[in-house]
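Notes for the structure review
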Amino acid sequence: MPNVLIEWREMEGDKGTVCLTGGTGFIGSWLIKRLLQEGYSVRTTVRADPENKRDLTFLTSLPGVAEKLKIFSADLNDPNSFDAAIEGSKAVLHVATPLSFDGKESLEAVTERSTSGALGILKACLRSKTVKRVVYTSSAATVIYNGQETDMMDESFWTDVDFVTQKLNPKTHPYLISKTFTERAVLEFGTQHGLDVVTVNPGLVVGPFICPKFPDSVRSSLALVLGTNLLLVLVIFFSFSLNRLIKRGS
Ligand SMILES: NC(=O)c1ccc[n+]([C@@H]2O[C@H](COP(=O)([O-])OP(=O)(O)OC[C@H]3O[C@@H](n4cnc5c(N)ncnc54)[C@H](OP(=O)(O)O)[C@@H]3O)[C@@H](O)[C@H]2O)c1
């Protein structure tokens, strides 16, 4: 099965091509919109949809999309599946992540998918010979649970996995720990292989959304209204990191 789902011809003379994983998500879809506005061509990935049930018109109807957007099928469970989307790109924004807060998946399974998928993407970047920079969307969650009593943190701070395991709700462990291990792994890979890897660490991201799914972070910000227990826990965990953004890497 070809993994190019929707394709337009790229225009000559634009700002170049950026590959973004997780185009169906809250942040990913906003980034696609902004990249197109700024004149970039975008290659984005979505998970396979064998029965063709998924409506991607929220992406394909974006302003400036004609001839500028290609949508590929790729999955973090198959780390090599990102090659075609990355080929020819000058930058990769790795935004996709396994979001797991329902306790159904083990910490090990989520961490394996997150780290192997991210490293597969970085290897594809090296093979492409065109990618100049990779931006991994990490999280404030990889920084703030460091066990230290301080409000001021910088890129030298890392979440303490033992602290998370011992003190925080087990349903949060797969996300918090997989993000921490994945960020460490991508930075280490960048250093080892001379690849320019940068990570960003947003706090809770809220606001309007253009994707059809009600984003978990927006839902959690409304937890007091909606009364969802786990999400209420998340908003308490993340609320003190609002508006804090740390950038690691070069
Ligand atoms: N929103 C926040 O408050 C916040 C805060 C800090 C960091 N972040 C980080 O920002 C990034 C985007 O978050 P978001 O809020 O936009 O989440 P989101 O709306 O749930 O988007 C997650 C994206 O990842 C994709 N994905 C999940 N599992 C995948 C897999 N196995 N293979 C390929 N793609 C997969 C999803 O695809 P489907 O649509 O198919 O599920 C979706 O496109 C994540 O890395 C997250 O850790 C978010």
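Residues numbered from 1 in each chain as written. Predicted model: local features only at pLDDT ≥ 70, side-chain atom pairs only at ≥ 80, totals over all residues. Heavy atoms only, no water.

1. Concerning the site of the ligand
Keep this limit in mind: Any residue with at least one heavy atom within 4 Å of a molecule or strand is counted as near it. Two N or O atoms count as a polar contact when they lie within 3.5 Å, although within protein this holds only if one can serve as hydrogen donor and the other as acceptor, and sequence-adjacent residues are included solely when both atoms are side-chain atoms. Values of accessible area rely on a 1.4 Å probe in the Shrake-Rupley scheme; residue burial ignores everything except the protein chains shown. For helices the rule is a DSSP run of H or I covering at least 4 residues; for strands it is a run of E covering at least 2, with both sets numbered from the N terminus onward. Residue type decides the class: Asp, Glu, Lys and Arg count as charged, Ala, Val, Leu, Ile, Met, Phe, Trp, Tyr, Cys and Pro as nonpolar, and the leftover types, Gly among them, as polar.
Around the ligand, 27 residues are found, and the nearest of them are Thr24, Arg47, Arg54, Tyr175 and Val205. Between an oxygen atom of the ligand and a side-chain N or O atom of Arg54, the distance comes to 2.5 Å. Interatomic distance of 3.2 Å between a backbone N/O atom of Thr97 and an oxygen atom of the ligand. Here the ligand loses 90% of its free accessible area of 890 Å² to cover by the protein chains. For the shell around the ligand, the secondary structure elements donating two or more residues are α1 (26–37) and α6 (173–193). In terms of residue class, the shell around the ligand is built from twelve nonpolar, nine polar and six charged.

2. Thoughts on helix α4 (residues 107–128)
Our working definition: Multiplying 1.5 Å by the residue count of a helix minus one yields the expected span of that helix.
Between its first and last C-alpha atoms α4 spans 31 Å; for 22 residues at 1.5 Å apiece the expected length is 32 Å, and the two agree. Lys129 sits one or two residues past α4 and shows a positive phi near 65 degrees.

3. Some remarks on the packing of α4 against α6
For any two helices packed against each other, the geometry comes down to the angle between their axes and how far apart the axes lie. Selection criterion: Axes here mean lines fitted to C-alpha atoms, for a helix over just the part in contact, with angles spanning 0 to 180 degrees between N-to-C directions. In what follows, roughly perpendicular refers to angles from 65 to 115 degrees, roughly parallel to angles under 35, roughly antiparallel to angles over 145, and oblique to any angle outside these ranges. When the near helix sits turned anticlockwise from the far one by under a right angle, the crossing is termed left-handed; a clockwise turn instead gives a right-handed crossing. Note on definitions: a residue-residue contact is assigned when non-hydrogen atoms from the two residues lie within 4.5 Å.
Taken N-terminus to C-terminus, the directions of α4 and α6 make an angle of 25 degrees; their axes are 9 Å apart at the nearest point. Judged by the angle between their axes, α4 and α6 are roughly parallel. At the point where α4 passes α6, the crossing takes the right-handed sense. Here α4 contributes Leu107, Val110, Thr111, Ser114, Thr115, Ala118, Leu119, Leu122, Lys123 and Leu126 to the contact with α6, which in turn contributes His173, Pro174, Ile177, Ser178, Phe181, Thr182, Ala185, Val186, Phe189 and His193. Residues that form the contact of α4 with α6 fall into these classes: twelve nonpolar, seven polar and one charged.

4. Structural notes on the pattern of salt bridges
Quick note on the threshold: A carboxyl oxygen of Asp or Glu within 4 Å of a side-chain nitrogen of Lys or Arg is what we treat as a salt bridge. Relative accessibility decides the category of a residue: with a 1.4 Å probe and only protein chains considered, values under 20% of the type maximum give buried, values over 50% give exposed, and everything between is partly exposed.
Applying the stated criterion to the full structure yields six salt bridges. With a closest N to O distance of 3.7 Å, Arg34 and Glu38 form a salt bridge. Glu38 gets classed as partly exposed once you look at its relative accessible area, which sits at 39%. Of the charged contacts, one joins Arg133 and Asp196 as a salt bridge, the two residues approaching to 2.9 Å between their closest N and O atoms. In this pair, Arg133 is assigned in strand β6 (residues 133–137) and Asp196 in the loop between α6 and β7 (197–201), connecting sequence segments 63 residues apart. Here Arg133 falls in the partly exposed class, since its relative accessible area comes to 32%. A network of salt bridges, in which partner residues are shared, links Lys15, Arg34 and Glu38.

5. Details of the packing of aromatic side chains
What characterises a pair of aromatic rings is the spacing of the ring centres plus the angle enclosed by the ring planes. What counts, and what does not: Aromatic pairs are defined between Phe, Tyr and Trp rings, using the six-membered ring for Trp, whenever the two ring centres lie within 6.5 Å; interplanar angles under 30 degrees are classed as stacked, those over 60 as edge-to-face, and all others as tilted. Placement of a charge over a ring requires the Lys NZ or Arg CZ to be within 6 Å of the ring centre, with the centre-to-atom vector within 35 degrees of the ring normal.
The tally for this structure, following the rule as stated, stands at one aromatic pair. Both rings, one in Phe209 and one in Phe214, keep their centres 5.7 Å apart while their planes meet at 20 degrees; by these two values the pair is stacked. Over the ring of Trp158 we find Arg184; its NZ or CZ atom is 4.2 Å from the centre of that ring.

6. Re the nonpolar core
For clarity, the threshold we go by: Nonpolar core, defined: a set of buried Ala, Val, Leu, Ile, Met, Phe, Trp, Tyr and Cys residues in which side-chain atoms within 4.5 Å join the residues together.
Ile86, Val92, Cys125 and Val134 are the most contacted members of the largest nonpolar core, which has 23 residues in total. Contributions of two or more residues to this core are made by α3 (83–86), α4, β6 and α6. Broken down by element, this core gets its largest block of residues, five residues, from α4. Ignoring any residue separated from it by four or fewer positions in sequence, one finds Val92 in contact with Cys19, Ile86, Ile121, Cys125, Val131, Arg133, Val134 and Val135.

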